[in-house]
Amino acid sequence: MTSIPATKAAISALKIEQRVERDVKAGIPEVDRRNHTDSEESMRSYVVREIIGRVHENRQSELDKELADRSEVDIRQLYQEMKNTESLVEKTIAARLANLVSGIKQRAQEYSALRMDLEMFRERNGLTREAVYRESKMLHFSIVFFIVILETVLNAFFLSKGSALGLVGGFFQAFIISMINLGFAAFLAFSLRHCFHLNPLRKLGAGVLFGAVLVTSVVFVLGVGHYREALEADPFTASQVAMSTLQAEPLGIQDFNSWIMVVVSGIALVLLTAKFFVVDDRYPGYTAITRRVKSQHTAWRDAHEDAIESVNQMAEEIQDGISDTEKTIRAQFIQFKASIERSEEIHRHYHEDIIKAQGLLDELVRYYQSYSARMMNRRSAYFGELLRFELEKLPRLNTTGLEQHKQDLATFEQVMDELDHTYTGAIDVVNRRCETIQAALSELVDKLELDHGLRRG
């Protein structure tokens, strides 16, 4: 910011000594002069134009900046929004509440339809009991995996002795055998489950399939034993020899290790079949539809809980917005009040600058007079009143808007006095409205459950 320069700097800038020398050569000032010289008058013009003018420009720029900052304050609007919290809540909740209600109704219809399908399935198949099955599929697959790996490892030990690739070849052969056993077990469990079907034809078909798969799996297990026995004699002809001995004498395995391998494969087959059978209800299809109903029941329960949680989250979002608005109002009030104080301080500093400029002009005039007296080797004749600024002609600061903002400050102070009460009331409005919505959702859930027969009244 431009400030009042020091006296020496002003003397140098005005070149007063050169002025005096020029005036003295021209016979100025006169011995008995009664008025200021043109040089002295030009000093006043210089101070007004160059010094006070620049100070005024910078002070005015500061005032305009403060005015622009205060004009951006929107305390009235923010406060009015806080007072209109109830309408804000209604606008925010209306669309989301409609979606929540629509979602709950849709879940209720889907759940009711599946329950109806389950009841029709029970009625059609003569079932009066609940489905019995294992809830955890992960545990089921873990046990199946463990049986397959254990069978593979045990069989790999026996097959590795006769394999050309040793333990690696025996492992891959054993793994293939285990996977085939796994397939047999799945078919056995499937056919056994359908043996409990209400339809006689399906029972008969399932029994025939079970018997065929059982015989095939027993033949395969015995064939594995014959293959193990033939493998030690000649790995290259083991398959042909095994098929021949299996057809000629299925139980004619002479090697003890081969019998152990048959027993291991047989036990694995039985365990896998049992595991596949007990994981679901013995009646075919009963587990699948029951799982769907339970899944839909969970979705129905979660829909209600999610709706309540969504309302709570929505309330928190609105309350956070109200809290941010309250903080913004307080921050803007502090800035607004400080800006008015800075504007008044700028105005006061400008008047102080004028006083300092008058003092500088006095010093310049005195220096001009004393220097001219020394140059002329006599006292200056004029020692009357020094030059004075014509205050009415000095540039004035434009304080447009400051008085209005002072009136606004009084209004804002009243707003700050009421802010705590308004903020508390807005938070209470949000809480009450959300509690009302949650109660309405609970009533809607009860009504839907009764209307769709999801529970007894």
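As the structure is a prediction and not an experimental result, all values here were calculated from the model.

(A) Spatial organisation of the packing of aromatic side chains. Within this structure, the stated rule accounts for 6 aromatic pairs. Geometrically, the ring pair formed by F121 and Y283 is edge-to-face, given 6.1 Å between the ring centres and 85 degrees between the ring planes. With F121 in helix α5 (residues 85–125) and Y283 in the loop between α10 (256–278) and α11 (286–376), this pair connects stretches of sequence that are 162 residues apart. Exposure class is identical for F121 and Y283. Each is buried.

(B) Focus on the pattern of salt bridges. Tallied over the entire structure, the rule returns 18 salt bridges. Across the salt bridge formed by R59 and E62, the nearest N and O atoms sit 3.8 Å from each other. Of this pair, R59 and E62 both sit in helix α3 (residues 38–71), 3 residues apart, which is roughly one turn of the helix. Look at the salt bridges and you will find they share partners, linking R49, E50 and R54 into a network.

(C) Broad picture of a negative patch on the surface. Where like charges cluster on the molecular surface, the negative patch consists of E305, D306, E309, E316, D320 and D324. Looking at where E309 falls in the secondary structure, it is placed in helix α11. For E309, a relative accessible area of 48% gives the class partly exposed.

(D) Just the nonpolar core, in detail. Core analysis: the biggest nonpolar cluster contains 49 residues, and I104, Y286, W300 and I329 have the highest contact counts within it. Broken down by secondary-structure element, the contributors of at least two residues to this core are α4 (75–83), α5, α11 and α12 (402–451). Ignoring sequence-local partners within four residues, the contact set of W300 consists of I104, R107, A108, Y111, V445, L448, E449 and L454. In terms of nonpolar packing, the next biggest core, distinct from the first, is built from 28 residues, I354, L360, Y368 and L397 among them.

(E) Highlighting the packing of α3 against α11. Two elements in contact, α3 and α11, have axes whose closest approach is 10 Å; the angle formed by their N-to-C orientations is 170 degrees. In terms of axis orientation, α3 runs roughly antiparallel to α11. A class-by-class count of the residues in the contact of α3 with α11 yields 16 nonpolar, 6 polar and 8 charged.

(F) Expanded view of the side chain of D408. Topologically, D408 is positioned in helix α12. Note on D408: relative accessible area 10%, which makes it buried.

(G) Local environment of the layout of surface pockets. Of the voids in this model, the largest pocket is the one considered here, and its volume is about 270 Å³. Along its surface, the largest pocket is lined by 13 residues, and I177, F220, G223, V224 and Y227 are the ones closest to its centre. Among the secondary structure elements, those contributing two or more residues to the lining of the largest pocket are α7 (166–194), α8 (200–233) and α9 (238–248). The leading source of residues in the lining of the largest pocket is α8, at 5 residues. Class assignment for the residues of the lining of the largest pocket results in 10 nonpolar, 3 polar and no charged.

(H) Highlighting a nonpolar patch on the surface. Residues F145, I149, V153, F171, F172, F175, I176, M179 and I180 make up a contiguous nonpolar surface patch of about 820 Å² in total accessible area. Sorting the residues of the nonpolar patch by element identifies α6 (137–160) and α7 as the ones contributing at least two each. Sort the elements by how many residues they give to the nonpolar patch and α7 lands first, with 6 residues. Residue placement: V153 occurs in helix α6. Its relative accessible area of 45% is what places V153 among the partly exposed residues.

(I) Region of interest: the side chain of D281. Turning to its location among the elements, D281 is positioned in the loop between α10 and α11. Looking at D281, its side chain comes within polar contact range of the main-chain nitrogen of Y283, at 2.9 Å. If we ignore the near neighbours within four places in the chain, the residues touching D281 are R129, E130, A131, V132, Y133, R193, Y286 and T287.

(J) Representation of helix α2 (residues 16–25) in the model. Among all positions of α2, only I16, V20 and D23 are buried. On an axial view of α2, the arc spanned by its buried residues comes to 70 degrees, and they lie on one face. The positive-phi residue at the C-terminal boundary of α2 is G27, with phi of around 80 degrees.

(K) Quick peek at α6. Here α6 is 24 residues long and its end C-alpha atoms lie 34 Å apart, about the 34 Å a rise of 1.5 Å per residue gives. Listed in full, the buried residues belonging to α6 are H140, V144, I147, V148, E151, T152, N155, A156, F158, L159 and S160.

(L) Examining the packing of α6 against α10 more closely. At their nearest, the axes of α6 and α10 sit 10 Å apart, and the two run at 170 degrees to each other. Between α6 and α10, the angle falls in the class roughly antiparallel. In this structure, α6 contributes H140, I143, V144, I147, V148, E151, L154, N155, F158 and L159 to the contact, and α10 contributes N257, I260, M261, V264, S265, A268, L271, L272, K275 and F276.

What counts, and where the lines are drawn
Residues numbered from 1 in each chain as written. Predicted model: local features only at pLDDT ≥ 70, side-chain atom pairs only at ≥ 80, totals over all residues. Heavy atoms only, no water. Phe/Tyr/Trp six-rings, centres within 6.5 Å; stacked < 30°, edge-to-face > 60°. Helix = DSSP H or I, 4+ residues; strand = E, 2+ residues; numbered from the N terminus. Buried < 20%, exposed > 50% of the residue type's maximum accessible area, 1.4 Å probe, protein only. Salt bridge = Lys/Arg side-chain N within 4 Å of Asp/Glu carboxyl O. Patch = residues over 30% accessible without salt bridge, like charges linked within 9 Å, V, L, I, M, F, W, Y side chains within 5 Å. Areas by Shrake-Rupley, 256 points an atom, 1.4 Å probe, with all protein chains shown as cover. Lys, Arg positive; Asp, Glu negative; His and termini not counted. Charge placed at Lys NZ, Arg CZ, Asp CG, Glu CD. Core = buried A, V, L, I, M, F, W, Y, C linked by side-chain atoms within 4.5 Å. Contact = heavy atoms within 4.5 Å. Axes fitted to C-alpha atoms, helices over the stretch in contact; angles between N-to-C directions. Parallel < 35°, antiparallel > 145°, perpendicular 65-115°, else oblique. Nonpolar A, V, L, I, M, F, W, Y, C, P; charged D, E, K, R; others polar. 1 Å grid on protein atoms, 1.4 Å probe; cavity = no way out; pocket = protein on both sides within 12 Å on 5 of 7 lines; lining within 4 Å. Points joined across faces, edges and corners; volume = space filled by probe spheres on them. Polar contact = N/O pair within 3.5 Å; in protein donor to acceptor, adjacent residues only side chain to side chain. Arc of directions from axis to C-beta. Expected span 1.5 Å × (residues − 1).

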